[in-house]
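Chain residues, written in single-letter form:
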Amino acid sequence: MSCKVIDADVVIVGCGVAGLYCALNLPRALKVVLLAKTTVDECDSMLAQGGICVLRDEDDYESFFEDTLRAGHYENRLESVDMMIRASRPIIDDLVKRGVRFARTASGELDYTREGAHSRPRIVYHEDITGEEITTHLLACVRGLPNATVLENTCMTDILEGFDAAGARVCRGIVAEDAAGGRLQINADATVLATGGVGGLYKHSTNYPCLTGDGCRVAAEHGVLLENMDFVQIHPTTLWTEKPGRSFLISESARGEGAILLNAAGERFCDELQPRDVVSGHILRQMEAEDSSYVWLSFERVAREELEHHFIHICEQCRAEGYDIFTEPIPVVPAQHYFMGGIHVDSDSQTTLPHLFAAGETCCNGVHGRNRLASNSLLEGLVFAQRAADKIMRDRFAADTAARLAAAAAARSRFVAGSRDVTDVALQCGAI
Ligand code: SIN
(Lines give C-alpha, C1' and ligand atoms only; values in the text may rest on other atoms or scores of the structure.)
Protein backbone atom coordinates (compact mmCIF):
# COMPACT_ATOMS: atom_id res chain seq x y z
CA MET A 1 0.00 0.00 0.00
CA SER A 2 1.26 3.49 -0.82
CA CYS A 3 2.33 5.79 1.97
CA LYS A 4 1.73 9.54 1.94
CA VAL A 5 4.72 11.48 3.27
CA ILE A 6 4.44 14.84 5.02
CA ASP A 7 7.45 16.88 6.06
CA ALA A 8 6.94 19.02 9.16
CA ASP A 9 9.06 20.66 11.82
CA VAL A 10 6.92 19.42 14.71
CA VAL A 11 4.29 16.68 14.84
CA ILE A 12 1.94 16.67 17.83
CA VAL A 13 -0.09 13.53 18.49
CA GLY A 14 -3.26 14.53 20.35
CA CYS A 15 -5.56 17.54 20.37
CA GLY A 16 -6.33 17.92 24.08
CA VAL A 17 -5.13 21.00 25.93
CA ALA A 18 -1.52 19.79 26.03
CA GLY A 19 -1.27 19.23 22.26
CA LEU A 20 -3.10 22.44 21.39
CA TYR A 21 -1.19 24.65 23.81
CA CYS A 22 2.13 23.24 22.63
CA ALA A 23 1.21 24.19 19.05
CA LEU A 24 0.17 27.68 20.15
CA ASN A 25 3.48 28.25 21.93
CA LEU A 26 5.66 27.28 18.97
CA PRO A 27 7.06 29.93 16.62
CA ARG A 28 4.92 30.62 13.53
CA ALA A 29 7.96 29.86 11.37
CA LEU A 30 7.70 26.16 12.21
CA LYS A 31 5.40 23.86 10.25
CA VAL A 32 3.25 21.97 12.78
CA VAL A 33 0.98 18.97 12.18
CA LEU A 34 -1.48 17.86 14.88
CA LEU A 35 -3.28 14.51 14.92
CA ALA A 36 -6.57 13.53 16.57
CA LYS A 37 -7.22 9.80 16.79
CA THR A 38 -10.97 10.32 16.23
CA THR A 39 -12.58 13.77 16.13
CA VAL A 40 -11.03 16.72 17.95
CA ASP A 41 -13.94 16.71 20.43
CA GLU A 42 -13.05 13.26 21.75
CA CYS A 43 -10.36 14.20 24.22
CA ASP A 44 -10.62 14.14 27.99
CA SER A 45 -9.71 17.82 28.25
CA MET A 46 -13.18 18.50 26.82
CA LEU A 47 -14.74 16.53 29.70
CA ALA A 48 -13.00 18.20 32.64
CA GLN A 49 -15.75 19.67 34.77
CA GLY A 50 -14.43 21.11 38.03
CA GLY A 51 -11.94 23.75 36.96
CA ILE A 52 -8.28 24.67 36.92
CA CYS A 53 -6.12 25.46 39.93
CA VAL A 54 -4.28 28.74 40.23
CA LEU A 55 -1.97 30.23 42.83
CA ARG A 56 -4.19 32.92 44.34
CA ASP A 57 -1.34 34.94 45.81
CA GLU A 58 2.14 34.37 47.24
CA ASP A 59 0.60 33.45 50.63
CA ASP A 60 -1.14 30.52 48.92
CA TYR A 61 2.12 28.96 47.65
CA GLU A 62 2.93 26.75 50.63
CA SER A 63 -0.58 25.39 51.09
CA PHE A 64 -1.02 24.75 47.33
CA PHE A 65 2.32 22.90 47.36
CA GLU A 66 1.41 20.93 50.48
CA ASP A 67 -2.11 20.05 49.21
CA THR A 68 -0.61 18.70 45.96
CA LEU A 69 1.94 16.64 47.88
CA ARG A 70 -0.49 15.35 50.49
CA ALA A 71 -2.93 14.16 47.80
CA GLY A 72 0.04 12.58 45.95
CA HIS A 73 1.20 10.69 49.08
CA TYR A 74 4.44 12.75 49.00
CA GLU A 75 5.61 10.76 45.97
CA ASN A 76 5.56 13.86 43.73
CA ARG A 77 8.60 15.32 41.97
CA LEU A 78 9.10 18.54 43.93
CA GLU A 79 10.72 20.48 41.10
CA SER A 80 7.71 19.79 38.85
CA VAL A 81 5.21 20.84 41.51
CA ASP A 82 7.08 24.10 42.04
CA MET A 83 7.18 24.81 38.28
CA MET A 84 3.48 24.11 37.88
CA ILE A 85 2.40 26.31 40.77
CA ARG A 86 4.63 29.22 39.77
CA ALA A 87 3.45 29.09 36.15
CA SER A 88 -0.25 28.91 37.07
CA ARG A 89 -1.09 32.62 37.21
CA PRO A 90 0.55 33.53 33.84
CA ILE A 91 -1.23 30.55 32.28
CA ILE A 92 -4.65 31.69 33.53
CA ASP A 93 -3.89 35.26 32.37
CA ASP A 94 -2.98 33.91 28.94
CA LEU A 95 -6.20 31.86 28.74
CA VAL A 96 -8.25 34.92 29.65
CA LYS A 97 -6.42 36.93 26.95
CA ARG A 98 -7.33 34.21 24.46
CA GLY A 99 -10.99 34.64 25.35
CA VAL A 100 -11.56 31.82 27.85
CA ARG A 101 -14.38 32.76 30.22
CA PHE A 102 -14.14 31.99 33.94
CA ALA A 103 -16.83 32.61 36.57
CA ARG A 104 -16.58 36.09 38.11
CA THR A 105 -17.81 37.62 41.35
CA ALA A 106 -20.27 40.51 41.31
CA SER A 107 -17.31 42.92 41.33
CA GLY A 108 -15.76 41.22 38.28
CA GLU A 109 -12.95 39.37 40.08
CA LEU A 110 -12.23 35.72 39.32
CA ASP A 111 -14.45 33.48 41.44
CA TYR A 112 -12.83 30.45 43.08
CA THR A 113 -14.43 27.13 43.88
CA ARG A 114 -13.13 24.35 46.10
CA GLU A 115 -12.64 20.61 45.67
CA GLY A 116 -11.48 17.73 47.84
CA ALA A 117 -8.10 17.99 49.59
CA HIS A 118 -7.72 21.71 48.84
CA SER A 119 -7.17 23.70 52.02
CA ARG A 120 -8.78 26.77 50.40
CA PRO A 121 -10.76 27.65 47.28
CA ARG A 122 -8.22 28.19 44.45
CA ILE A 123 -9.97 26.74 41.43
CA VAL A 124 -11.21 28.95 38.62
CA TYR A 125 -14.07 27.51 36.61
CA HIS A 126 -16.62 27.98 33.88
CA GLU A 127 -19.97 26.51 34.99
CA ASP A 128 -19.35 22.75 35.25
CA ILE A 129 -17.72 22.55 31.81
CA THR A 130 -14.36 24.25 32.36
CA GLY A 131 -12.48 21.79 30.15
CA GLU A 132 -14.82 22.33 27.23
CA GLU A 133 -14.55 26.10 27.57
CA ILE A 134 -10.73 26.03 27.56
CA THR A 135 -10.27 23.33 24.92
CA THR A 136 -12.79 24.87 22.51
CA HIS A 137 -11.01 28.22 22.68
CA LEU A 138 -7.55 26.73 22.24
CA LEU A 139 -8.79 24.65 19.31
CA ALA A 140 -10.20 27.77 17.61
CA CYS A 141 -6.82 29.50 18.15
CA VAL A 142 -4.95 26.54 16.64
CA ARG A 143 -7.33 26.43 13.67
CA GLY A 144 -6.43 30.06 13.06
CA LEU A 145 -2.68 29.39 12.94
CA PRO A 146 -1.22 29.72 9.44
CA ASN A 147 1.53 27.21 10.26
CA ALA A 148 -0.59 24.39 11.78
CA THR A 149 -2.68 21.62 10.21
CA VAL A 150 -5.05 19.39 12.19
CA LEU A 151 -5.63 15.87 10.88
CA GLU A 152 -8.67 14.19 12.46
CA ASN A 153 -9.41 10.44 12.46
CA THR A 154 -5.71 9.80 12.09
CA CYS A 155 -4.19 7.31 14.49
CA MET A 156 -0.46 7.13 15.28
CA THR A 157 0.75 3.55 14.90
CA ASP A 158 4.48 4.05 15.47
CA ILE A 159 7.27 6.56 15.82
CA LEU A 160 10.18 6.86 13.42
CA GLU A 161 13.75 6.50 14.58
CA GLY A 162 16.93 7.82 12.99
CA PHE A 163 20.39 8.95 14.02
CA ASP A 164 21.79 12.38 14.75
CA ALA A 165 25.16 13.68 13.50
CA ALA A 166 26.91 12.03 16.45
CA GLY A 167 25.31 8.67 15.64
CA ALA A 168 22.87 8.69 18.59
CA ARG A 169 19.30 7.33 18.19
CA VAL A 170 16.71 10.08 17.85
CA CYS A 171 13.02 10.31 17.03
CA ARG A 172 12.33 11.52 13.50
CA GLY A 173 8.53 11.69 13.40
CA ILE A 174 5.66 9.22 13.32
CA VAL A 175 3.74 6.73 11.23
CA ALA A 176 -0.07 6.94 11.25
CA GLU A 177 -3.16 5.49 9.66
CA ASP A 178 -6.18 7.46 8.49
CA ALA A 179 -9.82 6.39 8.78
CA ALA A 180 -9.69 4.68 5.36
CA GLY A 181 -6.63 2.66 6.39
CA GLY A 182 -4.23 4.84 4.35
CA ARG A 183 -0.67 5.03 5.67
CA LEU A 184 0.94 8.31 6.51
CA GLN A 185 4.55 9.08 7.36
CA ILE A 186 5.15 12.42 9.06
CA ASN A 187 8.81 13.37 9.19
CA ALA A 188 9.55 15.89 11.92
CA ASP A 189 12.48 17.20 13.84
CA ALA A 190 10.44 17.15 17.06
CA THR A 191 7.61 14.79 17.99
CA VAL A 192 5.23 15.47 20.90
CA LEU A 193 3.07 12.67 22.28
CA ALA A 194 -0.04 14.15 23.91
CA THR A 195 -2.22 11.10 23.47
CA GLY A 196 -4.13 11.29 26.77
CA GLY A 197 -4.93 8.61 29.30
CA VAL A 198 -5.82 4.96 29.51
CA GLY A 199 -9.53 4.98 30.46
CA GLY A 200 -10.55 3.23 27.24
CA LEU A 201 -8.91 0.08 28.64
CA TYR A 202 -11.33 0.05 31.62
CA LYS A 203 -14.94 -1.14 31.77
CA HIS A 204 -16.01 1.85 33.88
CA SER A 205 -14.24 5.10 33.15
CA THR A 206 -15.03 8.78 32.73
CA ASN A 207 -12.64 8.84 29.72
CA TYR A 208 -13.44 8.53 26.04
CA PRO A 209 -13.14 4.88 24.91
CA CYS A 210 -10.61 5.84 22.21
CA LEU A 211 -8.05 6.73 24.91
CA THR A 212 -6.11 3.53 25.19
CA GLY A 213 -2.60 4.57 26.17
CA ASP A 214 -1.25 4.61 22.59
CA GLY A 215 1.61 6.95 23.44
CA CYS A 216 2.84 4.69 26.25
CA ARG A 217 2.58 1.56 24.10
CA VAL A 218 4.56 3.03 21.22
CA ALA A 219 7.13 4.58 23.56
CA ALA A 220 7.63 1.23 25.34
CA GLU A 221 8.14 -0.55 22.01
CA HIS A 222 11.07 1.80 21.35
CA GLY A 223 12.62 1.32 24.76
CA VAL A 224 11.57 4.78 25.99
CA LEU A 225 11.38 4.88 29.78
CA LEU A 226 7.92 4.66 31.38
CA GLU A 227 7.20 5.48 35.01
CA ASN A 228 4.60 4.65 37.69
CA MET A 229 2.38 2.64 35.35
CA ASP A 230 0.29 1.49 38.31
CA PHE A 231 -0.69 5.03 39.40
CA VAL A 232 -4.31 5.06 38.26
CA GLN A 233 -6.90 7.36 39.81
CA ILE A 234 -10.44 6.27 40.60
CA HIS A 235 -12.82 9.25 40.83
CA PRO A 236 -15.25 8.87 43.75
CA THR A 237 -18.41 10.09 42.03
CA THR A 238 -19.83 9.16 38.66
CA LEU A 239 -23.55 8.80 38.01
CA TRP A 240 -24.57 5.18 38.50
CA THR A 241 -26.40 3.65 35.57
CA GLU A 242 -26.99 0.21 34.15
CA LYS A 243 -26.45 1.56 30.63
CA PRO A 244 -23.10 0.69 29.05
CA GLY A 245 -20.69 3.40 27.91
CA ARG A 246 -18.67 6.21 29.37
CA SER A 247 -19.38 7.00 33.03
CA PHE A 248 -20.78 10.50 33.57
CA LEU A 249 -18.69 12.47 36.05
CA ILE A 250 -20.29 14.24 38.97
CA SER A 251 -17.70 16.91 39.60
CA GLU A 252 -15.78 16.97 42.82
CA SER A 253 -16.62 20.67 43.00
CA ALA A 254 -20.16 19.54 43.87
CA ARG A 255 -18.74 18.13 47.12
CA GLY A 256 -16.51 21.20 47.35
CA GLU A 257 -19.66 23.32 47.36
CA GLY A 258 -21.37 21.16 50.00
CA ALA A 259 -22.78 17.96 48.44
CA ILE A 260 -22.61 15.01 50.86
CA LEU A 261 -22.36 11.25 50.49
CA LEU A 262 -25.01 9.08 52.12
CA ASN A 263 -25.36 5.35 52.69
CA ALA A 264 -28.55 3.33 52.15
CA ALA A 265 -29.81 4.47 55.57
CA GLY A 266 -29.38 8.13 54.57
CA GLU A 267 -26.35 8.63 56.89
CA ARG A 268 -23.04 10.30 56.07
CA PHE A 269 -20.16 7.83 56.21
CA CYS A 270 -17.00 9.86 55.41
CA ASP A 271 -15.46 13.29 55.08
CA GLU A 272 -16.25 14.04 51.42
CA LEU A 273 -13.33 16.45 51.02
CA GLN A 274 -10.48 14.05 51.56
CA PRO A 275 -8.22 13.15 48.61
CA ARG A 276 -9.93 11.20 45.82
CA ASP A 277 -8.33 7.84 46.56
CA VAL A 278 -9.41 8.07 50.20
CA VAL A 279 -13.03 8.99 49.38
CA SER A 280 -13.23 6.29 46.67
CA GLY A 281 -11.98 3.75 49.24
CA HIS A 282 -14.71 4.78 51.73
CA ILE A 283 -17.41 4.48 49.05
CA LEU A 284 -16.23 1.07 47.82
CA ARG A 285 -16.14 -0.28 51.38
CA GLN A 286 -19.62 1.13 52.02
CA MET A 287 -20.92 -0.50 48.83
CA GLU A 288 -19.38 -3.80 49.86
CA ALA A 289 -20.89 -3.59 53.36
CA GLU A 290 -24.33 -2.91 51.89
CA ASP A 291 -23.88 -5.24 48.93
CA SER A 292 -24.93 -2.31 46.76
CA SER A 293 -23.79 -1.01 43.34
CA TYR A 294 -23.78 2.64 44.47
CA VAL A 295 -24.07 5.10 47.34
CA TRP A 296 -26.02 8.38 47.31
CA LEU A 297 -24.91 11.96 46.73
CA SER A 298 -27.19 14.63 48.14
CA PHE A 299 -27.14 18.27 47.00
CA GLU A 300 -29.42 19.47 49.83
CA ARG A 301 -26.64 21.57 51.40
CA VAL A 302 -25.58 23.17 48.10
CA ALA A 303 -26.95 26.66 47.57
CA ARG A 304 -29.78 26.78 45.01
CA GLU A 305 -27.89 29.54 43.18
CA GLU A 306 -24.93 27.13 42.73
CA LEU A 307 -27.19 24.40 41.39
CA GLU A 308 -28.78 26.79 38.92
CA HIS A 309 -25.66 28.55 37.67
CA HIS A 310 -22.63 26.42 38.49
CA PHE A 311 -23.87 22.86 38.03
CA ILE A 312 -26.16 23.41 35.06
CA HIS A 313 -24.94 20.52 32.91
CA ILE A 314 -24.76 18.02 35.78
CA CYS A 315 -28.31 19.02 36.63
CA GLU A 316 -29.43 18.48 33.00
CA GLN A 317 -27.70 15.12 32.67
CA CYS A 318 -29.20 13.87 35.94
CA ARG A 319 -32.64 15.05 34.83
CA ALA A 320 -32.17 13.12 31.55
CA GLU A 321 -31.46 10.03 33.67
CA GLY A 322 -34.59 10.63 35.78
CA TYR A 323 -33.09 12.37 38.87
CA ASP A 324 -33.82 15.87 40.14
CA ILE A 325 -30.78 17.08 42.09
CA PHE A 326 -32.86 19.92 43.58
CA THR A 327 -35.07 17.50 45.46
CA GLU A 328 -33.44 14.06 45.74
CA PRO A 329 -30.05 12.35 46.12
CA ILE A 330 -28.50 10.68 43.09
CA PRO A 331 -26.81 7.25 42.94
CA VAL A 332 -23.03 7.52 42.45
CA VAL A 333 -20.23 5.02 42.02
CA PRO A 334 -16.43 5.37 41.66
CA ALA A 335 -14.89 4.88 38.20
CA GLN A 336 -11.45 5.10 36.57
CA HIS A 337 -10.70 8.74 35.85
CA TYR A 338 -7.03 9.64 35.48
CA PHE A 339 -3.57 8.19 34.96
CA MET A 340 -0.69 9.68 36.96
CA GLY A 341 1.99 7.45 35.45
CA GLY A 342 3.17 7.36 31.85
CA ILE A 343 6.13 8.22 29.67
CA HIS A 344 8.92 9.50 31.88
CA VAL A 345 9.81 13.11 31.02
CA ASP A 346 12.17 15.70 32.45
CA SER A 347 11.13 19.22 33.38
CA ASP A 348 11.24 20.26 29.70
CA SER A 349 8.89 17.36 28.82
CA GLN A 350 11.68 15.47 27.05
CA THR A 351 11.50 11.68 27.04
CA THR A 352 14.56 9.46 27.18
CA LEU A 353 14.62 9.35 23.34
CA PRO A 354 16.06 12.63 22.00
CA HIS A 355 13.64 14.75 19.90
CA LEU A 356 10.67 12.88 21.43
CA PHE A 357 8.55 14.85 23.92
CA ALA A 358 5.45 13.91 25.89
CA ALA A 359 2.89 16.14 27.62
CA GLY A 360 -0.46 15.85 29.37
CA GLU A 361 -1.91 12.66 30.81
CA THR A 362 0.29 10.37 28.72
CA CYS A 363 3.47 11.58 30.40
CA CYS A 364 4.79 11.38 33.91
CA ASN A 365 6.65 14.46 35.06
CA GLY A 366 5.93 13.46 38.64
CA VAL A 367 3.76 16.45 39.43
CA HIS A 368 0.84 14.39 40.78
CA GLY A 369 2.69 11.74 42.72
CA ARG A 370 0.57 8.67 43.42
CA ASN A 371 -2.80 10.49 43.37
CA ARG A 372 -3.63 13.73 41.59
CA LEU A 373 -5.07 16.70 43.45
CA ALA A 374 -8.39 17.82 41.94
CA SER A 375 -8.17 20.35 39.10
CA ASN A 376 -4.40 20.08 38.70
CA SER A 377 -4.71 18.17 35.40
CA LEU A 378 -5.57 20.97 32.96
CA LEU A 379 -2.96 23.16 34.64
CA GLU A 380 -0.25 20.52 34.45
CA GLY A 381 -1.05 19.81 30.78
CA LEU A 382 -0.78 23.48 29.86
CA VAL A 383 2.34 24.29 31.88
CA PHE A 384 4.40 21.35 30.65
CA ALA A 385 3.18 21.62 27.05
CA GLN A 386 4.44 25.19 27.08
CA ARG A 387 7.77 23.99 28.46
CA ALA A 388 7.98 21.42 25.65
CA ALA A 389 7.34 24.16 23.08
CA ASP A 390 10.00 26.38 24.68
CA LYS A 391 12.55 23.57 24.59
CA ILE A 392 11.75 22.71 20.96
CA MET A 393 12.22 26.38 20.11
CA ARG A 394 15.55 26.60 21.98
CA ASP A 395 16.83 23.41 20.33
CA ARG A 396 15.77 24.69 16.94
CA PHE A 397 17.47 28.03 17.53
CA ALA A 398 20.65 26.27 18.68
CA ALA A 399 20.56 23.97 15.62
CA ASP A 400 19.94 26.89 13.25
CA THR A 401 22.73 28.90 14.87
CA ALA A 402 25.09 25.92 14.69
CA ALA A 403 24.16 25.41 11.02
CA ARG A 404 24.75 29.12 10.28
CA LEU A 405 28.11 29.06 12.11
CA ALA A 406 29.13 25.89 10.26
CA ALA A 407 28.14 27.45 6.92
CA ALA A 408 30.07 30.62 7.77
CA ALA A 409 33.10 28.55 8.83
CA ALA A 410 32.90 26.52 5.61
CA ALA A 411 32.66 29.71 3.53
CA ARG A 412 35.62 31.19 5.42
CA SER A 413 37.72 28.08 4.96
CA ARG A 414 36.83 28.03 1.23
CA PHE A 415 37.92 31.64 1.04
CA VAL A 416 41.13 30.92 3.00
CA ALA A 417 41.78 27.79 0.95
CA GLY A 418 41.06 29.83 -2.19
CA SER A 419 43.53 32.46 -1.00
CA ARG A 420 46.06 29.74 -0.44
CA ASP A 421 45.50 28.49 -3.97
CA VAL A 422 46.08 31.97 -5.27
CA THR A 423 49.18 32.25 -3.10
CA ASP A 424 50.45 28.88 -4.33
CA VAL A 425 49.89 29.90 -7.95
CA ALA A 426 51.59 33.20 -7.31
CA LEU A 427 54.53 31.40 -5.70
CA GLN A 428 54.78 28.95 -8.55
CA CYS A 429 54.74 31.82 -11.04
CA GLY A 430 57.44 33.50 -9.08
CA ALA A 431 55.15 36.45 -8.68
CA ILE A 432 55.91 36.65 -4.97
C1 SIN B 1 -13.97 16.90 38.65
O2 SIN B 1 -14.59 17.91 38.33
O3 SIN B 1 -14.22 16.27 39.67
C4 SIN B 1 -12.89 16.41 37.77
C5 SIN B 1 -11.86 17.42 37.59
C6 SIN B 1 -10.52 16.79 37.78
O7 SIN B 1 -10.33 15.65 37.35
O8 SIN B 1 -9.67 17.41 38.43
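Refer to the structure above for everything that follows.
In this report, the structure presented in the accompanying data block is examined. If you're wondering where the values come from, they're calculated on a predicted model, not measured in any experiment.

1. Focus: the layout of surface pockets
Here's step 1: There is about 240 Å³ of room inside the second largest pocket.
Here's step 2: Elements that contribute at least two residues to the lining of the second largest pocket include exactly β12 (232-239) and β15 (330-339).
Here's step 3: The element best represented in the lining of the second largest pocket is β15, accounting for 3 residues.
Here's step 4: When grouped by side-chain class, the residues that make up the lining of the second largest pocket number 6 nonpolar, 5 polar and 4 charged.

2. Topic: the site of the ligand
Here's step 1: Within the structure, the ligand sits among Gln 49, Gly 50, Glu 115, His 235, Leu 249, Ser 251, Glu 252, Arg 276, His 337, Arg 372, Ala 374 and Ser 375.
Here's step 2: Taking Arg 276, its side chain carries an N or O atom lying 3.0 Å from an oxygen atom of the ligand.
Here's step 3: In this structure, His 337 approaches the ligand through a side-chain N or O atom, which is 2.6 Å from an oxygen atom.
Here's step 4: In the complex, 98% of the free accessible area of the ligand, which totals 260 Å², lies under the protein chains.
Here's step 5: For the shell around the ligand, the per-class residue count stands at 2 nonpolar, 6 polar and 4 charged.

3. Some remarks on the pattern of salt bridges
Any two side chains of opposite charge can pair, so long as their charged atoms come close to each other.
Here's step 1: A complete count under the given rule lists 25 salt bridges for this structure.
Here's step 2: Arg 77 is the partner of Glu 227 in a salt bridge, and the nearest nitrogen-oxygen pair spans 3.3 Å. Here Glu 227 is found in strand β11 (residues 226-227), whereas its partner Arg 77 is found in the loop between α2 (61-71) and α3 (78-97), with 150 residues between them in sequence.
Here's step 3: One salt bridge connects Arg 304 with Glu 308, and the closest N-O pair in it is separated by 3.2 Å. Taken together, the residues span about one helical turn, with Arg 304 and Glu 308 both in helix α8 (residues 304-309) at a distance of 4 residues.
Here's step 4: On the basis of relative accessible area, Glu 308 is assigned to the partly exposed category, the value being 37%.
Here's step 5: Three or more residues joined by partner-sharing salt bridges are found here, namely Asp 57, Asp 60, Asp 67, Arg 120 and Arg 122.

4. A short note on the side chain of Ser 298
Here's step 1: Among the secondary structure elements, Ser 298 is positioned in strand β14 (residues 295-298).
Here's step 2: At a separation of 3.2 Å, a polar atom in the side chain of Ser 298 contacts the main-chain amide nitrogen of Glu 300.
Here's step 3: When residues no more than four places from it in sequence are discounted, the contact partners of Ser 298 are Ala 259, Ile 260, Leu 262 and Pro 329.

5. Some remarks on the sheet that holds β11
Here's step 1: Reading across from one edge, β11-β16-β18 is the order of the 3 strands in this open sheet, with mixed pairing throughout. The open sheet terminates on both sides in strands that have one partner only, identified here as β11 and β18 (363-364).
Here's step 2: Relative to strand β16 (residues 342-344), β11 is paired through 2 bridges, and the arrangement is antiparallel. Looking at the pairing, Glu 227 lines up with Gly 342 of β16.
Here's step 3: On top of the sheet, helix α5 (residues 214-221) reaches β11 and β16; it is set at about 45 degrees to β16, its chief contact.

6. A short note on the pairing of strand β8 (residues 169-178)
Here's step 1: With 9 bridges joining them, strand β7 (residues 154-163) and β8 adopt antiparallel strand pairing. When the bridges of β8 are listed, Gly 162 appears paired with Val 170.
Here's step 2: Relative to strand β9 (residues 183-187), β8 runs antiparallel, the two sharing 5 bridges. For Gly 173, the partnering residue across the bridge sits in β9 and is Asn 187.
Here's step 3: Between the end of β8 and the start of β9, which pair antiparallel, lie 4 residues, with Gly 181 showing a positive phi angle near 85 degrees.

7. Topic: helix α4 (residues 130-143)
Here's step 1: For α4, with 14 residues, the first-to-last C-alpha span of 20 Å sits near the 20 Å given by 1.5 Å per residue.
Here's step 2: Among the residues of α4, Thr 130, Gly 131, Glu 133, Ile 134, Thr 135, Leu 138, Leu 139 and Val 142 are the ones counted as buried.

8. A look at helix α1 (residues 17-24)
Here's step 1: Within α1, 8 of the 8 residues are buried, which leaves the element mostly enclosed by the surrounding structure.
Here's step 2: Those residues of α1 lying buried are Val 17, Ala 18, Gly 19, Leu 20, Tyr 21, Cys 22, Ala 23 and Leu 24.

9. Description of the sheet that holds strand β10 (residues 190-193)
Here's step 1: Strands sit in the order β6-β3-β2-β10-β17 across an open sheet of 5 strands; the sheet is parallel. Looking at strand neighbours, the two that pair on one side only are β6 (148-151) and β17 (356-358), the edges of this open sheet. Averaged over all pairs of adjacent strands, the angle between strand axes in this sheet comes to 20 degrees, irrespective of strand direction.
Here's step 2: Pairing analysis gives 4 bridges linking strand β3 (residues 32-35) to β6, with the strands arranged parallel. Opposite Leu 34, over in β6, you have Val 150 as the bridge partner.
Here's step 3: Sheet contacts for α1: β2 (10-13), β3 and β10; angle to β3, the most-contacted strand, approximately 170 degrees.

10. With respect to the packing of α1 against α4
Here's step 1: Contact pair α1 / α4: the axes reach a minimum separation of 9 Å and the direction vectors enclose 35 degrees. When the axes of α1 and α4 are compared, the crossing they make is left-handed. Of α4, the residues touching α1 (which contributes Val 17, Leu 20, Tyr 21, Ala 23 and Leu 24) are Ile 134, Thr 135, Leu 138, Leu 139, Cys 141 and Val 142.
Here's step 2: Residue composition of the contact of α1 with α4, grouped by class: 10 nonpolar, 1 polar and no charged.

11. Structural notes on the packing of aromatic side chains
Both the distance between ring centres and the angle between the ring planes are used here to describe each pair of aromatic rings.
Here's step 1: Counted according to the given criterion, the structure contains 3 aromatic pairs.
Here's step 2: Here Tyr 294 and Trp 296 contribute two aromatic rings whose centre-to-centre distance is 5.3 Å and whose plane-to-plane angle is 75 degrees, an arrangement assigned as edge-to-face.
Here's step 3: A residue is classified by how much of its surface remains accessible, and Tyr 294, at 23% relative accessible area, is partly exposed.
Here's step 4: What links up through ring pairs into an aromatic cluster is the set Trp 240, Tyr 294 and Trp 296.
Here's step 5: Its guanidinium or amino end placed over the ring of Tyr 61, Arg 86 lies 4.2 Å from that ring's centre, counting from NZ or CZ.
Here's step 6: Against the face of Tyr 338 rests Arg 372, its NZ or CZ located 4.0 Å from the ring centre.

Conventions we followed
- Residues numbered from 1 in each chain as written.
- Predicted model: local features only at pLDDT ≥ 70, side-chain atom pairs only at ≥ 80, totals over all residues.
- Heavy atoms only, no water.
- 1 Å grid on protein atoms, 1.4 Å probe; cavity = no way out; pocket = protein on both sides within 12 Å on 5 of 7 lines; lining within 4 Å.
- Points joined across faces, edges and corners; volume = space filled by probe spheres on them.
- Helix = DSSP H or I, 4+ residues; strand = E, 2+ residues; numbered from the N terminus.
- Nonpolar A, V, L, I, M, F, W, Y, C, P; charged D, E, K, R; others polar.
- Near = heavy atom within 4 Å.
- Polar contact = N/O pair within 3.5 Å; in protein donor to acceptor, adjacent residues only side chain to side chain.
- Areas by Shrake-Rupley, 256 points an atom, 1.4 Å probe, with all protein chains shown as cover.
- Salt bridge = Lys/Arg side-chain N within 4 Å of Asp/Glu carboxyl O.
- Buried < 20%, exposed > 50% of the residue type's maximum accessible area, 1.4 Å probe, protein only.
- Contact = heavy atoms within 4.5 Å.
- Pairing = 2+ DSSP bridges.
- Axes fitted to C-alpha atoms, helices over the stretch in contact; angles between N-to-C directions.
- Expected span 1.5 Å × (residues − 1).
- Left-handed = near helix turned anticlockwise from the far one by under 90°.
- Phe/Tyr/Trp six-rings, centres within 6.5 Å; stacked < 30°, edge-to-face > 60°.
- Lys NZ or Arg CZ within 6 Å of the ring centre and 35° of its normal.

Just distances and angles here, no functional claims.
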